[in-house]
Amino acid sequence: MTIYRGHLLHISGSPSLEESTSALVSEPDGALAVDATGRIAYSGAWSGLPAALTDDAVVATAGYLLPGFVDTHVHYPQTLTTDEFGGGELLEWLERCVFPAETRLSDPAFADLVAAEFVRRRISAGTTAALVFGSAFPEAQDALYARTLEAGLRIVSGRGIQTVGPASASALLTTEDASIALTRDEIDRWHGQDAGGRAPDPRTALAQVAVVPRFSLSVTPETLRRLGDLYAGTRADGVYFHSHLNENDRPGDGEIAAVRESYGVDTYLDTYDGRCLPGSRTSGESLLGRRSILAHAVHCTDGELHRLAATGSSIAHCPTSQLFLGSGTMPWRRTVASGTTIAMGTDIGAGDEWLIPRVLNDCFKVHMSELGDRSVAIDPAQLLFLGTLAGARALDQEQRFGNLDAGKDADFVILDPGAQPGFELSLQTASEGGARSVLFTLLMGMREASVAGVFVRGRRANPPDSASA
Ligand SMILES: [Zn+2]
């Protein structure tokens, strides 16, 4: 048994976003007891720690103890290319910056270097679980899973599928047949790969796989139809679906206009919902469901939001990225009111912050800046919920991690604000205002320097040897 003594902050139970405001646990002199199997045996006040747990226990002191952060949308092949100037919005940036950058991962040695750096950045940011948009190249995906498991982190990923695209994407494209075969192969080799010993159910594994078409414009109706068949056959094993939705609404030639024109559908979401033929006629199986996560969803119709909620699908909200590409602001009140699960995504490399609290900081500011009565000051407890428990819920793994409730896997971060200039004093001052005040200052102000320890299933995550880079 190892007992961590510090200020515990987490969202207890299984509340909705709104309910999370009253589910905040703040225990300034708290204890987190982690047993030998990596599960939380106790969390709460130090004074309430059962005596039986303290026999032979190792006690470690910690500043703040929070659940590990969950990033539900991050592009591994863009690890080294945040802040690339594309001179335009989404489609121009993809063509000029992203496709050339991602092509470089065709070199397996370079891909391994990127995979190692990706894992290092995740550990620096305390991101214990992530839904990772993958590379087109299978060897690069192998490096990603191997490096992630070596470090002891959780991952859901899938190779980025493209069967059509501009010239700069040519190295990323495959035939229809290859797109299906490569995705099936990745599922066979990596979905639940580490589950064998402890829990044979792939849904309990650290490494799991998603079906990931880049977006509707990078594939054809035929690709989507065949991916629907593939997904229908693998859904029961807990395979995920992940893509982009309604990001750029520039009139005429933006992403949404181009999707509607090239497919002839009524709404963008129809293309992922088995209705990608002209007039949104049925084309095959839907890709939506409780393990389906769509990034952005900035410009959804009410009907699309209703359909996302009805199918149990989730939104990866990426405000930092939306600022960078001028994609607009997801209407907060309307999206929350739909009942769709909203979690947070860095969207590296259109986003340029690896730390989920930095994305929460942008989230707070952009929704505070919505016009008129749409403006909202998101409660600090809701911010913590969005960066932790909501991510676990979006990944359909809420029963395993996302908060510090006893019985869950011990996925947590230790924060040491003393490592960040002036931060300790700011937090002391905030403490005069109570728990929510401390939490708000912590989430809005923290940087990577404060992340002092990152644990998954009770084991400290190990960054790859930097000598390999
Ligand atoms: Zn993205």
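Our subject is the structure listed above.
Residues numbered from 1 in each chain as written. Predicted model: local features only at pLDDT ≥ 70, side-chain atom pairs only at ≥ 80, totals over all residues. Heavy atoms only, no water.

Caption draft 1: Examining the state of the cysteines more closely. If you walk through the whole model with that rule in mind, you get zero disulfides. The closest cysteine sulfur to the non-disulfide-bonded Cys300 is located on Cys318, 13 Å from its own sulfur. The structure places no disulfide on Cys318, whose sulfur is separated from the nearest cysteine sulfur, that of Cys363, by 10 Å. (Disulfide = S-S within 2.5 Å.)

Caption draft 2: Expanded view of the pairing of strand E9 (residues 207-213). Burial runs high along E9: seven of the seven residues are buried. Neither face of E9 is open: one carries Ala207, Val209, Val211 and Pro213, the other Gln208, Ala210 and Val212, and all of them are buried. Where strand E7 (residues 155-158) lies against E9, three bridges are found, and the strand directions are parallel. Bridging from a neighbouring strand, Val156 pairs with Gln208 of E9. Where strand E8 (residues 160-161) and E9 come together, two bridges link them in parallel fashion. Bridging across to E9, Gly160 finds its partner in Val212. (Buried < 20%, exposed > 50% of the residue type's maximum accessible area, 1.4 Å probe, protein only. Helix = DSSP H or I, 4+ residues; strand = E, 2+ residues; numbered from the N terminus. Pairing = 2+ DSSP bridges.)

Caption draft 3: How the structure looks around the sheet that holds strand E3 (residues 40-45). Reading across the sheet, the seven strands line up as E3-E2-E1-E4-E14-E15-E16 and stay open at both edges, with mixed pairing between neighbours. Pairing within the sheet leaves two strands with one partner each, and these edge strands are E3 and strand E16 (459-460). Inspection of the sheet shows strand E2 (residues 24-34) paired to E3 by five bridges, in the antiparallel sense. The residue bridging Val34 from the neighbouring strand is Ile40, located in E3. Where helix H15 (residues 435-445) meets the sheet, its contacts fall on strand E1 (2-11), E2, strand E4 (58-67) and strand E14 (412-415), and the angle it forms with E4 comes to roughly 85 degrees. (Contact = heavy atoms within 4.5 Å. Axes fitted to C-alpha atoms, helices over the stretch in contact; angles between N-to-C directions.)

Caption draft 4: Representation of the packing of aromatic side chains. Per the stated rule, a full pass over the model turns up eleven aromatic pairs. Each ring, one from Phe118 and one from Trp354, has its centre 5.7 Å from the other, and the planes form 65 degrees; the classification is edge-to-face. In this pair, Phe118 sits in helix H3 (residues 108-124) while Trp354 sits in the loop between strand E13 (341-344) and helix H11 (356-368), placing the two residues 236 residues apart along the sequence. Three or more aromatic residues joined by ring pairs form one cluster here, namely Tyr231, Phe241, Tyr268 and Tyr272. Between Arg104 and the ring centre of Phe110, over which it is positioned, the NZ or CZ distance is 4.2 Å. (Phe/Tyr/Trp six-rings, centres within 6.5 Å; stacked < 30°, edge-to-face > 60°. Lys NZ or Arg CZ within 6 Å of the ring centre and 35° of its normal.)

Caption draft 5: Main features of the coordination of the zinc ion. At 2.1 to 2.4 Å from the zinc ion lie its protein donor atoms, namely His73 (NE2), His75 (NE2), His244 (NE2) and Asp347 (OD). Between consecutive donors of the zinc ion, the numbers of intervening residues give the motif H-x1-H-x168-H-x102-D. Placement of the pair is His73 in strand E5 (residues 69-75) and His244 in strand E10 (residues 240-245), with a sequence separation of 171 residues. Both residues of the pair, His73 and His244, belong to the buried class. (Donors = N, O, S within 2.8 Å, 3.2 Å for Na, K, Ca; no water.)

Caption draft 6: Broad picture of empty space enclosed by the protein. Evaluation of the coordinates by the stated rule reveals five cavities of 30 Å³ or more. Reported here for the largest cavity is a volume of approximately 100 Å³. His75, Gln78, Leu90, Trp93, Leu94, Arg214, Phe215, His244, Glu247, His296, Asp347 and Ala350 are the residues that line the largest cavity. No other element matches the three residues that helix H2 (residues 90-103) contributes to the lining of the largest cavity. Of the residues belonging to the lining of the largest cavity, the class tally is five nonpolar, four polar and three charged. (1 Å grid on protein atoms, 1.4 Å probe; cavity = no way out; pocket = protein on both sides within 12 Å on 5 of 7 lines; lining within 4 Å. Points joined across faces, edges and corners; volume = space filled by probe spheres on them. Nonpolar A, V, L, I, M, F, W, Y, C, P; charged D, E, K, R; others polar.)

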